[in-house]
Amino acid sequence: MENPFEQILERLDRIEKAINSINIPTTIPVNKAPMGVKELSEYLKLSDSAIYKLTSTSQIPHYKSGKKLYFKKEDIDDWIFSSRIKTIDEVANETMEYIEKKRKNL
């Protein structure tokens, strides 16, 4: 009769080898492929014509190859987040800091 601990160790070894053989990426891959107008309109929840208008007025970062338009997700994300509106509290704090600075200079 085999030692039950040896059986457990053998099974654990097989389980460990099976787990190690599974290739699970440790990081989530970021889509580096450029987006077209359709993908961008879905991403931004805008119509295709709105995207074309933004590109024709150079309001949105884009690339052009012939008649095709391409967009990098990183560029689009930077563009979106560059137009942050300050909260009322932030504006009030900046105003108070400005007033304090002016008072100290007088």
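Please read all numbers here as calculations on a predicted model, not as lab measurements.

A. Representation of the packing of helix α2 (residues 37–44) against helix α4 (residues 73–81) within the structure. Packing of α2 against α4 brings their axes to within 12 Å, and their N-to-C directions diverge by 35°. Relative to α4, the crossing made by α2 is right-handed. Every residue of α4 that contacts α2 at Leu 40, Tyr 43 and Leu 44 is listed here: Lys 73, Ile 76, Asp 77, Trp 79 and Ile 80.

B. Representation of a nonpolar patch on the surface within the structure. Side chains of Phe 5, Ile 8, Leu 9, Leu 12, Ile 15 and Ile 19 sit close together on the surface and give an oily, nonpolar patch of about 640 Å² of accessible area. With respect to the element layout, Leu 9 can be found in helix α1 (residues 4–21). Taking the relative accessible area as the measure of exposure, Leu 9 reaches 53% and is therefore exposed.

C. Spotlight on α2. Within α2 the residues assigned to the buried category are Val 37, Leu 40, Ser 41 and Leu 44. Viewed along the axis of α2, the buried residues span an arc of 100°, placing them on a single side of the element. Across α2 from its buried face, at more than 90 degrees, point the exposed residues Lys 38 and Glu 42. Against the buried residues of α2 lie α3 (48–56), β2 (68–70) and α4. Note on α2: the residue one or two positions beyond its end, Lys 45, has a positive phi of about 60°.

D. Just unusual backbone geometry, in detail. Even without glycine at this site, Lys 45 takes up a positive phi of about 60°. One can find Lys 45 in the loop between α2 and α3. Owing to a relative accessible area of 71%, Lys 45 belongs among the exposed residues under this scheme. The backbone of Ser 58 shows a phi angle near 55°, a positive value even though the residue is not glycine. Structurally, the position occupied by Ser 58 is in the loop between α3 and β1 (63–65).

E. Here's a closer look at the pattern of salt bridges. Inspection of every chain in the model, using the stated rule, returns five salt bridges. A salt bridge links Asp 77 to Lys 73, with the shortest nitrogen-to-oxygen separation between them at 2.7 Å. With Asp 77 and Lys 73 both in helix α4 and four residues apart, this pair spans about one turn of that helix. Residues Lys 86 and Glu 94 are paired through a salt bridge, measuring 2.8 Å at the closest nitrogen-oxygen approach. Residue class for Lys 86 comes out partly exposed when judged on its relative accessible area of 45%. Here Glu 94 falls in the partly exposed class, since its relative accessible area comes to 39%.

What counts, and at which threshold
Residues numbered from 1 in each chain as written. Predicted model: local features only at pLDDT ≥ 70, side-chain atom pairs only at ≥ 80, totals over all residues. Heavy atoms only, no water. Axes fitted to C-alpha atoms, helices over the stretch in contact; angles between N-to-C directions. Helix = DSSP H or I, 4+ residues; strand = E, 2+ residues; numbered from the N terminus. Left-handed = near helix turned anticlockwise from the far one by under 90°. Contact = heavy atoms within 4.5 Å. Patch = residues over 30% accessible without salt bridge, like charges linked within 9 Å, V, L, I, M, F, W, Y side chains within 5 Å. Areas by Shrake-Rupley, 256 points an atom, 1.4 Å probe, with all protein chains shown as cover. Salt bridge = Lys/Arg side-chain N within 4 Å of Asp/Glu carboxyl O. Buried < 20%, exposed > 50% of the residue type's maximum accessible area, 1.4 Å probe, protein only. Arc of directions from axis to C-beta.

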